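# Remarks on the overall topology
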Amino acid sequence: MPVARATPPRVVLIGLGPVGLRFAEELLPAISAGRLTLTIIGAESEAPYNRVLVAEYAVGDLDRDELTIGDVAELRAAGAEVMVGARAASIDRSTREVTLDDGRRIAYDRLVLATGARATVPALDGLERLGADTSGLDDALTSGVCVLRSTEDAERLRARIAPGARIVVLGAGVLGIELALLLARTGASVRLAHFGPAPMPRQLDRGAAAVLTAALASAGVEVVPHTRAEAVIARQSADGVRTFRALVTSDGRRIDGDLLVLSCGVRARTELAESAGLRVGAGVLVDARLASWSDERIHAIGDCAQVADRAPDAPDAGSGGPSGLIGPGWRQAEWLARALREELDGVAPGAFVDEAPGVVALKAEQVDLVAAGEVSADPFAPVPAGEKAPGVAVWADPQHGAYVKMVTTDGALTGFVAVGLPRTAAELSVLYARRGELPADRSLLLRLDAAEEQVPRPTGRDATVCVCNGITAGAIEDAIGDGCASVADVGRCTRAGTGCGGCRARIAELLGAREAAAA
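To keep things clear, this report deals only with the structure shown in the data block. (Residues numbered from 1 in each chain as written. Predicted model: local features only at pLDDT ≥ 70, side-chain atom pairs only at ≥ 80, totals over all residues. Heavy atoms only, no water.)

## Observations concerning the overall build of the chain
Formally: Every helix listed is a DSSP run of H or I at least four residues long, and every strand listed is a run of E at least two residues long, numbered separately from the N terminus. Relative accessibility thresholds used throughout: buried, under 20% of the residue-type maximum; exposed, over 50%; partly exposed, between the two (1.4 Å probe, protein chains only). We call two residues contacting when some pair of their heavy atoms lies within 4.5 Å. Using a 1.4 Å probe, the Shrake-Rupley method yields the accessible areas, and only the shown protein chains count as cover for residues.
For the chain, the helix and strand inventory stands at 13 helices and 29 strands. For the chain, the residues scored as buried account for 47% of the 519 residues in total. Partitioning the intrachain contacts of the chain with sequence separation of at least 6 by distance along the chain shows that 58% fall at a separation of at least 24. Total accessible area on the chain stands at roughly 24000 Å², and carbon and sulfur atoms take up 50% of it.

Written as structure tokens, this is what we have:
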């Protein structure tokens, strides 16, 4: 008598952005083998694309095709059911079903939320929310005011970019600064307004912030610190449309402009989880298995997730919300897909631990800046009795836009920031990733950027070029040797350059080196 085969587990994924796509791709071998089924619910109608690079698309540095990172047809060919332009309306945990906005119901054994994050829109007097935009995912705002998270946002911004256009960017985090620099290159008049005394307050110390501010001014970006935005002034046209004209601060200052771009951080899209009764803090609260505190059959990954120790009496709020970085979400997606495959083999997966360091780099032609770890330590601060001060080395040349600060514990690098010193920053990034020790003579690192010193870049084949995906120089060189002739080709073959984009220039250098060697 034949033995009945068990029904393969039904996995449902909500969200087909970069993190959801990575999760789906990692499951494809198991889907093709009939070991599980995957249904993907994606709210956007277009192919998955890299949101991190939409600013480059907005200013015309990239074509739309260069943003694409996945092919829905390939997912379907491998056996996944992909629903694009479909929105999940609710989750019924008792019946394990997802209901779509058109009434269809999708059953699941495991549900994975990869709903990402939305741009934070501050409450400003005079700023209108005009109902859902054409994507149906976010609110349309007063004409002349926008955020930058989607290709639709980018196209809205692109339509207003012109030489001499007065553009105000509110928010001086990494994305706000990168956008301001890109806009300045178009010939626009750019003012970067931010709360507090210095840009990038989470990553920079006072010295680095001062050098960065000067570098921004040299690049054509006027920095306006201590800006507590309070209201917008809009002018109403004859057809009744209100259009942005100025940002007003709490101390009565007025910053005039033709366009206001809000770059005020992001917040997790948790509405669907909350309506299903899942515990939520800065994101959907998940444990070390990336499973919801409230329901072990529901997982969350990427910017919609907050990884925290499960504790019944723990408050819902806390740290660990959306980082805005793509690398952590990809590592969660890969780990969860691997864990589901291991469960099929009867193997209990271990805990998710993200040991990859968080290195922040501005991807801008005009300014080189890389930072990682904690850099607030003061080398001259008194040390309490019984405590050991961290090692701090600082070198500054503000007149020429160069600054580096290195913080060590027991000799190992635990934090650094480098401005205007790209080769020094590259070496420090490698040492930081390895928790390596600095040379006893710290000045040796500075010589890497000396014009008269022909020191080879400290990157062998094993050195990491793409931090987001962990792709080495050797893997990229091999892909070039196999016929990859462009940065886009290398991205398709290795995934390098498909994250934050900060390594695209280095990939181009490797391509150029191969071309020069072949000449």
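Having seen the structure, we can now continue with the description.
## Some details on the nonpolar core
Spelled out, the test is: Nine residue types can take part in a nonpolar core, namely buried Ala, Val, Leu, Ile, Met, Phe, Trp, Tyr and Cys, and a core is a set of them joined through side-chain atoms within 4.5 Å.
Ranked by internal contacts, the top residues of the largest apolar core, which has 56 residues, are F23 and L113. Grouped together as the second largest cluster of nonpolar side chains are 51 residues, L62, L183, V221 and L362 included.

## Observations regarding helix α1 (residues 18–32)
Quick note on the threshold: How far a helix is expected to stretch is found by multiplying one less than its residue total by 1.5 Å. Fitting one axis to the seven residues ending at a residue and another to the seven starting there, the bend at that residue is the angle between the two axes.
Relative to the 21 Å expected for 15 residues at 1.5 Å per residue, α1 spans 21 Å between its end C-alpha atoms, a close match to the ideal helical length. Maximal helix bending in α1 amounts to about 35°, located at E26; proline P29 follows within four positions. Looking at α1, one finds that the buried residues are P18, V19, G20, L21, R22, F23, A24, L27, L28, A30 and I31. Positive phi shows up at G34, right after α1, with a value of about 75°.

## Looking at empty space enclosed by the protein
Stated precisely, the cut-off is as follows: Definitions used for this entry: grid spacing 1 Å over protein atoms alone; cavity, a set of points where a 1.4 Å probe fits but cannot get out; pocket, an open set with protein on both sides within 12 Å along at least 5 of 7 lines; lining residue, one with an atom within 4 Å of a point. Grid points are joined across faces, edges and corners, and a volume is the space filled by probe spheres set on the points. Polar here means any residue outside two lists: the nonpolar Ala, Val, Leu, Ile, Met, Phe, Trp, Tyr, Cys and Pro, and the charged Asp, Glu, Lys and Arg; Gly therefore counts as polar.
Summed over all chains, the structure comprises one cavity of 30 Å³ or more. Approximately 50 Å³ is the volume found for the largest cavity. Along its surface, the largest cavity is lined by R110, R289, H299, W335, L336, A339, L340, E343 and P349. Considering each element in turn, the lining of the largest cavity owes the most residues, five residues, to helix α8 (residues 326–344). Looking at the lining of the largest cavity residue by residue, the class counts come to five nonpolar, one polar and three charged.

## Structural notes on α8
A rise of 1.5 Å per residue sets the reference length of α8, with its 19 residues, at 27 Å; its end C-alpha atoms lie 28 Å apart and thus fit the reference within 8%. Looking at the residues trailing α8, positive phi occurs at G346, about 80°.

## Observations concerning the sheet that holds strand β16 (residues 242–249)
What counts, and what does not: Should DSSP find at least two bridges between two strands, the strands are regarded as paired. To obtain an axis, a line is fitted to C-alpha atoms, over the contacting stretch when the element is a helix, and the angle between two such axes runs from 0 to 180 degrees between their N-to-C directions.
The strand order across the open sheet built from three strands is β15-β16-β17, with neighbouring strands paired in antiparallel fashion. Only two strands of the sheet have a single partner each, and these edge strands are β15 (229–236) and β17 (254–256). Adjacent strand axes in the sheet meet at a mean angle of 35°, parallel and antiparallel pairs treated alike. Summarising the sheet, β15 and β16 pair through seven bridges and their orientation is antiparallel. Within β16, the residue paired with R235 across the bridge is T243.

In short, shape yes, function no, at least from these values alone.
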